[in-house]
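Take a look at the letters that make up each chain.
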Amino acid sequence: QVQLLESGGGLVQAGDSLTLSCKLSGGTCSSYSMAWFRQARGKERRAVARINQNDFSTYDPESLKDRFTISRDGAQYTLYLQMNNLKPEDTGVYYCFASDEEAAYLGRRRDYWGQGTQVTVSS
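Being a predicted model, the structure only gives us computed values, none of them experimental.

Asks: Tell me what's going on with the pairing of strand 11 (residues 117-122), and back it up with residues and numbers.
Replies: Alternating positions in strand 11 separate cleanly, Thr 117, Val 119 and Val 121 being buried on one face and Gln 118, Thr 120 and Ser 122 remaining unburied on the opposite face. When strand 2 (residues 10-13) meets strand 11, the two strands line up parallel, connected through four bridges. Among the inter-strand pairings, Gln 13 is bridged to a residue of strand 11, identified as Ser 122. The sheet contact formed by strand 9 (residues 92-100) and strand 11 spans three bridges and is antiparallel. Bridging from a neighbouring strand, Gly 92 pairs with Val 119 of strand 11.

Asks: Please provide a residue-by-residue account of the nonpolar core, values included.
Replies: In terms of nonpolar packing, the biggest core is built from 26 residues, with Met 34, Trp 36, Leu 81, Met 83 and Tyr 94 touching the most fellow members. Elements with a contribution of two residues or more to this core: strand 3 (18-25), strand 4 (32-39), strand 5 (45-51), strand 7 (68-72), strand 8 (78-83), strand 9 and strand 11. The dominant element in this core, judged by the number of residues it contributes, is strand 3, at four residues. In this structure, Ala 35, Phe 37, Tyr 95 and Phe 97 belong to the second largest nonpolar core, which totals five residues.

Cut-offs applied
- Residues numbered from 1 in each chain as written.
- Predicted model: local features only at pLDDT ≥ 70, side-chain atom pairs only at ≥ 80, totals over all residues.
- Heavy atoms only, no water.
- Buried < 20%, exposed > 50% of the residue type's maximum accessible area, 1.4 Å probe, protein only.
- Helix = DSSP H or I, 4+ residues; strand = E, 2+ residues; numbered from the N terminus.
- Pairing = 2+ DSSP bridges.
- Core = buried A, V, L, I, M, F, W, Y, C linked by side-chain atoms within 4.5 Å.

Written out as structure tokens, the structure is:
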């Protein structure tokens, strides 16, 4: 039922900015922690920014907080990743992720993934 639809990726130059968006639909009666993952070519998919149901955010590595900001709207149904001063190493496919916290409370895993959006940063 839950779907995550991403947008906002593209080809940019080093130093440019992008804002990714992820619309969550079909699960508005629950509470979700959410995250942005990045998968570079030939590498593992890794979380770069997370935000929990109380809007507490973390970044990996922590230094990313100087350039990236994860946020969501007041209804928690749209997730954003504002990326500033982009670098070539930021290149990869960015995936939106959501985890149903109400299901987790009941011992069930309800994780959802978006389709991914490509971000390419040229030097």
